[in-house]
Amino acid sequence: MSHPDSADTRCRPIVFVVTGPSGSGKGTVLSRVVCPGMGLRLAVSATSRAPRPTDADGDYHFVTRGEFEATIAAGGFLEYAEFCGELYGTPRSEIERAADERSDLVLEIEVQGARQIRRVCPRAVLVMLLPPTREECLRRLRGRGSETKERIQRRMAAYDREILAVGEFDYVVWNVEVDAAVCDLKSIIRAERLRTHRQLAAGQAAPRGEG
Ligand code: 5GP
């Protein structure tokens, strides 16, 4: 085995799943963790939901429900789920893209998808990001200004369901303060890259980046 920062010969990306209720701050935290030098690729999901004004270019592949269903039929998703009436899925090709880029893969997905990933990639690392309180989560959702009252209610109902799944996750990160949450997530990534079984499986140790 060689030093973790030596040239990388690993052939499989580590899959990091980051799940958290709407309003937990996943987007903010991940934008500071998945950045150049970290050796991470943030998967681009497909969704049937309409773009929001706050969506950045490239956040999602926006598709029709029919196109989404055709991709399901063709086995094109690593995982997919219906969330608050819309379909979301991770294209299978994201794994190869990450491998080609010699990056690990980060999936920002909800709980049903995280469970599917656990089944298909048993060595995936599941992280749940939680807001400090339910009230704070509600406040952040309202603060977005892009959600109708009904959609906020559906997302809070999802929050109540999702939080019950916390025991199925490997790590819980509390997003009370963004800097601390970013630091915690980077520490998890670093520690997972240093796990003996991953380095032995690769034949040569090679976690990259600052993570
Ligand atoms: P939003 O509509 O707020 O962008 O996303 C709603 C929920 O769908 C969030 O919890 C987000 O993490 C989740 N999500 C986004 N992409 C995917 C995906 O590819 N698969 C699954 N299962 N959930 C996703």
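Residues numbered from 1 in each chain as written. Predicted model: local features only at pLDDT ≥ 70, side-chain atom pairs only at ≥ 80, totals over all residues. Heavy atoms only, no water.

*Asks:* Tell me what's going on with the overall build of the protein chain, and back it up with residues and numbers.
*Replies:* Counting its regular elements, the protein chain contains eight helices and nine strands. A globule of 211 residues ought to have a C-alpha radius of gyration of about 17 Å, and the protein chain, at 17 Å, matches this closely. Oriented by its inertia axes, the alpha-carbon framework of the protein chain measures out at about 55 × 40 × 30 Å. When burial is assessed residue by residue, the protein chain has 46% of its 211 residues classed as buried. Counted over contacts in the protein chain with a minimum sequence separation of 6, partners at least 24 positions apart contribute 70%. When the accessible area of the protein chain is evaluated, it comes to approximately 10,500 Å², of which 53% is carbon and sulfur surface. (Helix = DSSP H or I, 4+ residues; strand = E, 2+ residues; numbered from the N terminus. Rg over C-alpha atoms; globule rule 2.2 N^0.38 Å. Buried < 20%, exposed > 50% of the residue type's maximum accessible area, 1.4 Å probe, protein only. Contact = heavy atoms within 4.5 Å. Areas by Shrake-Rupley, 256 points an atom, 1.4 Å probe, with all protein chains shown as cover.)

*Asks:* Talk me through a nonpolar patch on the surface; I want residue IDs and the actual numbers.
*Replies:* A cluster of nonpolar side chains, namely Val172, Trp174 and Val176, defines an oily patch on the protein surface of about 300 Å² accessible area. Within the secondary structure, Val172 sits in strand E9 (residues 171-174). The class for Val172 is partly exposed, based on a relative accessible area of 39%. (Patch = residues over 30% accessible without salt bridge, like charges linked within 9 Å, V, L, I, M, F, W, Y side chains within 5 Å. Salt bridge = Lys/Arg side-chain N within 4 Å of Asp/Glu carboxyl O.)

*Asks:* So what's going on with the pairing of strand E7 (residues 104-108)? Residues and values would help.
*Replies:* Of all five residues in E7, four are buried, a share of seventy percent or more. Of the strand pairs in this sheet, strand E1 (residues 15-19) and E7 are connected by four bridges, and their pairing is parallel. Across the sheet, the residue bridging to Val18 is Glu108, located in E7. Strand direction decides the pairing type here: strand E2 (residues 40-42) and E7, joined by three bridges, are parallel. Looking across to E7, one finds that Leu42 is bridged to Val106. (Pairing = 2+ DSSP bridges.)

*Asks:* Residues and numbers for unusual backbone geometry, please.
*Replies:* Positioned with a positive phi, Cys84 is a non-glycine residue whose angle comes to about 50 degrees. Looking at the element boundaries, Cys84 is found in the loop between strand E5 (77-83) and strand E6 (86-91). If you check the backbone angles, Arg102 has positive phi at about 55 degrees while not being a glycine. Tracing the backbone through its elements, the reader meets Arg102 in the loop between helix H3 (93-101) and E7. With a relative accessible area of 45%, Arg102 lands in the partly exposed category.

*Asks:* Can you break down helix H5 (residues 134-144) residue by residue, with the values?
*Replies:* Looking only at H5, the buried set comprises Glu136, Cys137, Leu138 and Leu141. The elements touched by buried residues of H5 are helix H6 (149-162). Just beyond H5, the residue with positive phi is Gly145, at close to 70 degrees.

*Asks:* Got a sec to walk through the site of the ligand? Specific residues and values, please.
*Replies:* If you check the shell around the ligand, you find 16 residues, and the closest are Ser45, Arg49, Tyr60, Tyr88 and Glu110. One of the side-chain nitrogen or oxygen atoms of Arg52 is found 2.8 Å away from an oxygen atom of the ligand. Between the ligand and the protein, one listed contact pairs a nitrogen atom with a side-chain N or O atom of Glu79 at 2.8 Å. Contact with the protein chains hides 96% of the accessible area of the ligand, taken as 510 Å² for the molecule alone. For the shell around the ligand, the secondary-structure elements that each account for two or more residues are E5 and E6. Among the residues forming the shell around the ligand, the class breakdown is five nonpolar, four polar and seven charged. (Near = heavy atom within 4 Å. Polar contact = N/O pair within 3.5 Å; in protein donor to acceptor, adjacent residues only side chain to side chain. Nonpolar A, V, L, I, M, F, W, Y, C, P; charged D, E, K, R; others polar.)

*Asks:* Can you tell me about the environment of Ala124, naming the residues and giving the values?
*Replies:* Mapped onto the elements of the fold, Ala124 is located in the loop between helix H4 (111-120) and strand E8 (125-130). Judged by its relative accessible area of 6%, Ala124 falls in the buried class. A C-alpha to C-alpha distance of 17 Å links Ala124 and Ser93, two positions 31 residues apart in sequence. Residues in contact with Ala124, not counting those within four places in the same chain, are Val15, Ile117, Arg118 and Asp170.

*Asks:* Got a sec to walk through the pairing of E6? Specific residues and values, please.
*Replies:* For E6, the tally of buried residues reaches five of six residues, placing the bulk of the element in the interior. As paired strands, E5 and E6 are joined by six bridges and run antiparallel to one another. Bridge pairing links Phe83 to Glu86 in E6. Once E5 ends, the chain turns through two residues before running back antiparallel as E6, passing Cys84 with a positive phi of about 50 degrees.

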